[in-house]
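Next come the chains, spelled out residue by residue.
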Amino acid sequence: MNQRLLCLPDVKYSRVKRGDHQVPGKYDQGELQPMDREVGMDSDPFLSFPRSVVETAVITARKLLDAKFCVFVNHAHSFDQNQMIVADGVSPSEAGCLVDRWLNSPRQETFPYRGNQCWDEVLSVRLCFEPVVDLSGRGLGMLLVGFSKNLILQFRKQLLMRTLASHLALLIESYTRQNRSNAQFEALFEIGAQIQAEVNLDKVLRQIVLTACNLLGTETAWLALLRVGTDYLYIQVTEGILTSEFSEMYVPIGVGIGGIAVAKKRTVIVPDYRKYKHNTLDFVRDTVVKEGIVSMMCAPMLRRDKLIGALYVGNRRFTQFTPTDVVLLSTLATQASIAIQNAQLYRQQEEALTRLRDLNSLLESKNYLLEQSFAIHKQLTAAVLDGNGIEEVGTIMARLIRRPLAIKQEILPPFLSYYSPDQEGADILSTQIPDSDPRITTPIMAGDEVLGCIIIIGTEKLSDIEQQAVEHGSTVLALELLKQRAARNVEWRLQGELLEELLETKGELTEAQLRRAERMGFDVEQPHYLLIAQLNGFSNNASNHIEELLNTARQTLRDLGPVLGMKRGDRIILAVPSGNFNGTQIARSIQKVWRHSGNPRVFMGISGRISSNRTFATAYREALACLQFARIINEQGAMISYEDLGPLRFLLHVRDPRYAIEFVQQRLGTLAAYDRSHRSALLPTLRAYLESGGHHPTTAEKCFIHPNTLKYRLSRISDLLGISLTDPDIMFELNLAFRILNLFEASGRRIL
């Protein structure tokens, strides 16, 4: 038969009607009262009956009572369940029939209560009934005794039956308590194994609080962990908690129930939280009271004296926790601390493995990037070693990064070239790329020196491989440009040596000189100008400035064709193809670029045009004379051209310009002073009059004035100077004075 036992009512015994039958109820001083509830004994998962103990008790009861038979039945009021019947003096089948007959009888006396007895017609015995109730009033079953005489049971035997029933209840309760304890610890070990088998920390915490509730039969449980780097316990997971504020609680170590348990390293029992005096935070106390927690226990979770956290259980009703409960919670807390630490270690291990996997992935990507970088470097280097130069490098780079780019440098032409991923070779750009075009600029560096730059069209971010391609391209371009610059410097040195020979040759050039010039691409038969430039002053770094000035001149004049250049002391000498420009225009272009960079002013002398009947030696003397005259007339830097002097070339041999300045001031100084004081324009009018050859209409047109106004001004000029403008000698002197004035003004010096 089924060993399950249905519990009789909790505290004492009574009888109440359930349909047509009477059922056990509460008994208080002989009065019958309705039961509050029916509780099955199967609500206790650890309760079972020791059959051998019950059999011994039944046999003993029959002997002591001198009864015909004795029966114990564990089923008292649920008629649709199987029963456990222990009988002595009657067969189990007869005992079963007896129990069924009496339990299913419609008579009121069918369902017994304490002290009830009756005569059984079938067995011809007097039946006496005695309930078996534990100390808490919980019904465990019924003891049925059959006497052979149809007499009212004596009081002594009634008392003895009651004593035997109480003894049987104690035996069952003792066995049940031991069985419950054994089952709890078995369940504890099984649960501990399950907890420690779980490696997910969140699942471990959830399983611990569920286990605490089930194992100790409490309504609530919660768990708090020590937060790393602090002295506070923070609640991590709860079970059976109704308020949201509860999960937000935290307490410092030494404060609150959990803080006390952790500080003392032992389980703390609180029978009634509202009356329990302890140091805690106000919001913690209010939250626990709001939740309705009355009784609680808290066990610290320690691992080798290292604090992990605290495990709590609680009920919303008064509960007297037993020492066994304390042992169970403490043991569970110990197992939980191990499981939590294992889970934390597992999480750390997983995080470490994740980092290792990420590192391995990074290493693989870096290795792939390194392989691709080597392949790119090999491809770009091969392009240079094969002699393809900058153009092939630019084409390969544009193809690798899949976007157009430009290479800008100042060493060899083309100085700005454009490359597309869809075409071979370069497009030479004569102008700058508009600043409005989006771009990414990467410098071409040789140490700290900038040789040029790579201009990538577009602003889309480069990938790692593309960035590697640009960096390797920049390195290869730097090496190529250094090589080209070294070759260019050698070429410039040879050109300087050729120029030195040309300047020293006073007659016709030799065949060897002509062949050398031809190999360098320099056509000596083509018209040239010779320029000599000298810095204003000679500072400590003048040598660097002279070298820079020579390079600036070469770069500026590169579009005119091959330029021969050399340094001689603190001067540079240039032989420049004339092309469509005169010497003054060529010199001004150099001066403009040089001054734009913030460099010091220079003196420049420009020869006349070198043609077939004029030698480089002659041009050198002309340029040198112009340079010396420029230094004489303006100490801040000036530029004198041999062609611009015209009839004033005699001034090239003047060592002191004071007499020329006095001559100009005597002839024109009075007019200049009058114009300054009266804000008039007599001096410009006289200049225009002389340039027009004394023709009045032409002069009036140049001055944008009426002829009558011109006549007035000329009359005023004659009066101020005390001269006649129709005298040819006077006209010559005035023309000479204006030419000298123009020469000084061109050099940047004011003499009026």
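Placed above this text is the structure.
This report concerns the structure included in the present document. (Residues numbered from 1 in each chain as written. Predicted model: local features only at pLDDT ≥ 70, side-chain atom pairs only at ≥ 80, totals over all residues. Heavy atoms only, no water.)

Notes on the overall build of the protein
Condition: A run of DSSP states H or I qualifies as a helix once it reaches four residues; a run of E qualifies as a strand once it reaches two. Both are numbered from the N-terminal end. Accessibility here uses a 1.4 Å probe with only protein chains present; expressed as a share of the type maximum, an area under 20% marks a residue as buried, one over 50% as exposed, and anything in between as partly exposed. We call two residues in contact whenever any of their non-hydrogen atoms come within 4.5 Å of each other. The protein chains shown are the only cover counted for residues, whose accessible areas, like all others here, come from Shrake-Rupley with a 1.4 Å probe.
Across its full length, the protein holds 19 helices and 24 strands. With 752 residues in all, the protein has 46% of them scored as buried. In the protein, 60% of the contacts between residues at least 6 apart in sequence involve partners at least 24 apart. When the accessible surface of the protein is totalled, it reaches about 39,200 Å², and 51% of it is carbon and sulfur.

Here's the deal with the sheet that holds strand β9 (residues 220–226)
Definition in use: For two strands to be treated as a pair, DSSP must find at least two bridges joining them. Axes, fitted as lines to C-alpha atoms, cover a helix only where it is in contact. Angles between the N-to-C directions of the axes lie from 0 to 180 degrees.
Strands sit in the order β11-β10-β9-β14-β13-β12 across an open sheet of 6 strands; the sheet is antiparallel. Each of the sheet's edge strands pairs with one partner strand only, and the pair in question is β11 (250–252) and β12 (268–270). Ignoring strand direction, the axes of neighbouring strands in this sheet form an average angle of 20 degrees. Sheet analysis places β9 next to strand β14 (residues 306–315), joined by 6 bridges and oriented antiparallel. Looking across to β14, one finds that Trp 222 is bridged to Tyr 312.

Here's the deal with the packing of helix α7 (residues 323–385) against helix α9 (residues 464–504)
Threshold: The labels follow the angle: roughly parallel below 35 degrees, roughly antiparallel above 145, roughly perpendicular from 65 to 115, and oblique for the rest. For any pair of crossing helices, the crossing counts as left-handed if the nearer helix is rotated counterclockwise from the farther one by less than a right angle, and right-handed if it is rotated clockwise. The classification used treats Ala, Val, Leu, Ile, Met, Phe, Trp, Tyr, Cys and Pro as nonpolar, Asp, Glu, Lys and Arg as charged, and all other residues, Gly among them, as polar.
Closest axis-to-axis distance for the α7/α9 pair is 9 Å, and the angle between their directions is 30 degrees. Judged by the inter-axis angle, α7 sits roughly parallel to α9. The crossing of α7 and α9 is right-handed. Of α9, the residues touching α7 (which contributes Tyr 368, Leu 369, Gln 372, Ser 373, Ile 376, His 377, Leu 380, Thr 381 and Val 384) are Asp 464, Ile 465, Gln 468, Ala 469, His 472, Gly 473, Val 476, Glu 480 and Lys 483. A breakdown of the residues in the contact of α7 with α9 according to their chemical character gives 8 nonpolar, 7 polar and 3 charged.

Remarks on the side chain of Ser 420
As for its placement among the helices and strands, Ser 420 is situated in the loop between β16 (416–419) and β17 (427–428). Given a relative accessible area of 13%, Ser 420 falls into the buried group. Other than its neighbours up to four places away in sequence, Ser 420 contacts Ala 398 and Pro 404.

Concerning the pattern of salt bridges
Formally: A carboxyl oxygen of Asp or Glu within 4 Å of a side-chain nitrogen of Lys or Arg is what we treat as a salt bridge.
A complete count under the given rule lists 17 salt bridges for this structure. The partner of Lys 567 in a salt bridge is Glu 547, and the shortest N-O contact between them spans 2.7 Å. Highlighted residues: Lys 567 in strand β21 (residues 564–568) and Glu 547 in helix α11 (residues 542–556), separated in sequence by 20 residues. Given the relative accessible area of 41%, Lys 567 is considered partly exposed. On the accessibility criterion, Glu 547 (31% relative accessible area) is partly exposed. One network of salt bridges, with partners in common, ties together Arg 402, Arg 403 and Glu 466.

Regarding the sheet that holds strand β20 (residues 528–535)
As summarised here, the arrangement of the 5 strands in space is β21-β22-β20-β23-β24, forming an open sheet in which the pairing is mixed. Across the chains shown, the open sheet's two edge strands, defined by having one partner strand only, are β21 and β24 (639–641). Each strand of the sheet is rotated relative to its neighbour by a mean of 15 degrees, with strand direction disregarded. Taken together, the 3 bridges between strand β23 (residues 602–606) and β24 define a ladder with parallel strand orientation. When the bridges of β24 are listed, Ile 606 appears paired with Ser 641. Sheet contacts for α9: β20, β21 and β22 (571–577); angle to β21, the most-contacted strand, approximately 80 degrees. Packed on one face of the sheet, helix α12 (residues 583–596) meets β20, β22, β23 and β24 and runs near 160 degrees to β23.

What about the packing of aromatic side chains?
Given two aromatic rings, their pairing is described by the distance between the two centres and the angle made by the two planes. What counts here: A pair of aromatic rings is counted whenever rings of Phe, Tyr or Trp (Trp by its six-membered ring) have centres within 6.5 Å, and the orientation is called stacked for planes under 30 degrees apart, edge-to-face for over 60 and tilted otherwise. Think of it as a cone above the ring: NZ of Lys or CZ of Arg counts as a charge over the ring if it is within 6 Å of the ring centre and within 35 degrees of the ring normal.
Inspection of every chain in the model, using the stated rule, returns 7 aromatic pairs. Centroid distance Tyr 250 to Phe 283: 5.4 Å. Interplanar angle 50 degrees. Geometry classified as tilted. With a gap of 33 residues between them, Tyr 250 in strand β11 and Phe 283 in helix α6 (residues 282–291) connect regions that are remote in the sequence. A relative accessible area of 31% places Tyr 250 in the partly exposed class. Residue classification places Phe 283 among the partly exposed residues on the basis of a relative accessible area of 33%. Where Phe 522 meets Phe 616, the ring centres are 6.4 Å apart and the plane angle is 45 degrees; that geometry is what we call tilted. Placement of Phe 522 in the loop between α10 (511–519) and β20 and of Phe 616 in helix α13 (residues 616–633) is noted, with a sequence separation of 94 residues between them. The pair Phe 522 / Phe 616 is uniform in exposure class, with both members buried. These aromatic residues form a ring-pair network of at least three members: Tyr 232, Tyr 234, Tyr 250 and Phe 283. Over the ring of Tyr 234 we find Arg 227, and its NZ or CZ is 3.7 Å from the ring centre.

Digging into the pairing of β23
With 5 of 5 residues buried, β23 is to be regarded as a mostly interior element. Burial of the side chains of β23 extends over both faces: Val 602, Met 604 and Ile 606 are buried on one face and Phe 603 and Gly 605 on the other. Where β20 meets β23, 5 bridges bridge the pair, whose relative direction is antiparallel. Residue Leu 535 lies in a different strand from β23, and its bridge partner there is Val 602.

With respect to α6
For clarity, the cut-off: Taking the helix axis as origin, the arc is that swept by the directions to the C-beta atoms.
For α6, the complete set of buried residues consists of Val 284, Thr 287, Val 288 and Glu 291. Down the axis of α6, the buried side of the element spans an arc of 95 degrees, and every buried residue falls inside it. The exposed set on the far side of α6, more than 90 degrees from its buried face, consists of Asp 282, Asp 286 and Lys 290. On its buried face, α6 sits against β11 and β13 (295–303).

Some points on unusual backbone geometry
We note that Asp 66 has phi near 55 degrees; this positive angle belongs to a residue other than glycine. Relative to the helices and strands, Asp 66 resides in the loop between α1 (51–65) and β4 (69–73). Look at Asp 66 and you get exposed, because its relative accessible area is 62%.

Side note on the environment of Glu 391
Within the element layout of this structure, Glu 391 appears in helix α8 (residues 389–401). On a C-alpha basis, the gap between Glu 391 and Glu 424 in space is 9.2 Å, while along the polypeptide they are 33 residues apart.

Re the environment of Pro 577
Structurally, the position occupied by Pro 577 is in strand β22. Judged by its relative accessible area of 3%, Pro 577 falls in the buried class. The spatial distance from the C-alpha of Pro 577 to the C-alpha of Pro 562 is 7.4 Å, given a sequence separation of 15 residues.

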